[in-house]
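# Residue-level structural notes
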Amino acid sequence: GQSLEQPSEVTAVEGAIVQINCTYQTSGFYGLSWYQQHDGGAPTFLSYNALDGLEETGRFSSFLSRSDSYGYLLLQELQMKDSASYFCAADTGRRALTFGSGTRLQVQP
Amino acid sequence: SAVISQKPSRDICQRGTSLTIQCQVDSQVTMMFWYRQQPGQSLTLIATANQGSEATYESGFVIDKFPISRPNLTFSTLTVSNMSPEDSSIYLCSVEGLQETQYFGPGTRLLVL
């Protein structure tokens, strides 16, 4: 079967750094994506890692370790608008995505 | 990037009825995907729709319950048939973008009474 596990909820304060972890178990793996979803909104793409290592895009960075079946999303200089749900998603070669359980991030002033 | 619209944006339906959700993309795409997101939950793939062929359904989803049409490269419909309260969810369509991205429509919020 396919499973991607994330913490259900994370709380942090404005200006802080937060890391959202994702461990996966999939049959076939080509890469790991991260999506952000605000309440009532559609998921929007944040990043994609096909290779081991860190990818940086502005305040957001994403890391992948294939040998550990593990990845994380790092959000720096947190802002109130970062309060949302964050999903990791595995590319298993089928072009559709397998989504993780999701992490609800609450940013407090 | 792709711009995706869905109709209706939300609906309240009676059990036993059916609802057809439309998904329109502003560019031609080979594959379209339909997902379901139950309240507070993650996204679950229902089916993949290719133009000119039958949709491919995931385990737990069947064509009789969720028939899909894909008449051209910019449009698809998903019907939720013989609805029950358990079908209350957000239904999202998506398409592939460049570099392993997917673009999602705004979703259709369905409440079945």
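Let me sum up the structure you'll find in this document.

What counts, and where the lines are drawn
- Residues numbered from 1 in each chain as written.
- Chains lettered and ligands numbered in written order.
- Predicted model: local features only at pLDDT ≥ 70, side-chain atom pairs only at ≥ 80, totals over all residues.
- Heavy atoms only, no water.
- Patch = residues over 30% accessible without salt bridge, like charges linked within 9 Å, V, L, I, M, F, W, Y side chains within 5 Å.
- Areas by Shrake-Rupley, 256 points an atom, 1.4 Å probe, with all protein chains shown as cover.
- Salt bridge = Lys/Arg side-chain N within 4 Å of Asp/Glu carboxyl O.
- Helix = DSSP H or I, 4+ residues; strand = E, 2+ residues; numbered from the N terminus.
- Contact = heavy atoms within 4.5 Å.
- Pairing = 2+ DSSP bridges.
- Axes fitted to C-alpha atoms, helices over the stretch in contact; angles between N-to-C directions.
- Core = buried A, V, L, I, M, F, W, Y, C linked by side-chain atoms within 4.5 Å.
- Buried < 20%, exposed > 50% of the residue type's maximum accessible area, 1.4 Å probe, protein only.

### Considerations on a nonpolar patch on the surface
Side chains of Ile12, Leu111 and Leu113 of chain B sit close together on the surface and give an oily, nonpolar patch of about 290 Å² of accessible area. The residue Leu111 of chain B is located in strand β11 (residues 108-112) in this model.

### Here we look at the environment of Met80 of chain A
Take Met80 of chain A: it is sitting in the loop between β8 (70-75) and β9 (84-91). Look past the residues within four positions of Met80 of chain A in its chain and what remains in contact with it is Glu14, Val107, Gln108 and Pro109 of chain A.

### Some remarks on the sheet that holds strand β6 (residues 53-57) of chain A
All names here are of chain A. The sheet built from 5 strands is open, its strands ordered β1-β3-β8-β7-β6 with antiparallel pairing. Whereas interior strands pair on both sides, the edge strands pair on one side only; in this sheet they are β1 (3-5) and β6. The average undirected angle you get between the axes of adjacent strands in this sheet is 20°. Relative to β8, strand β3 (residues 18-25) runs antiparallel, the two being bridged by 6 bridges. Following the sheet pairing, Asn21 is matched in β8 by Tyr72.

### Quick look at the nonpolar core
Residue and element names in this part refer to chain B. Counting 26 residues, the largest nonpolar core has Trp34, Ile46, Phe66, Ile68, Leu78, Tyr91 and Leu110 as the members making the most contacts within it. Secondary structure elements with two or more residues in this core: β3 (19-25), β4 (31-37), β5 (43-50), β8 (75-80), β9 (89-96) and β11. Not counting residues within four places of it along the chain, the set of residues in contact with Ile46 comprises Trp34, Tyr35, Arg36, Thr56, Tyr57, Glu58, Phe61, Phe66, Leu78 and Tyr91.

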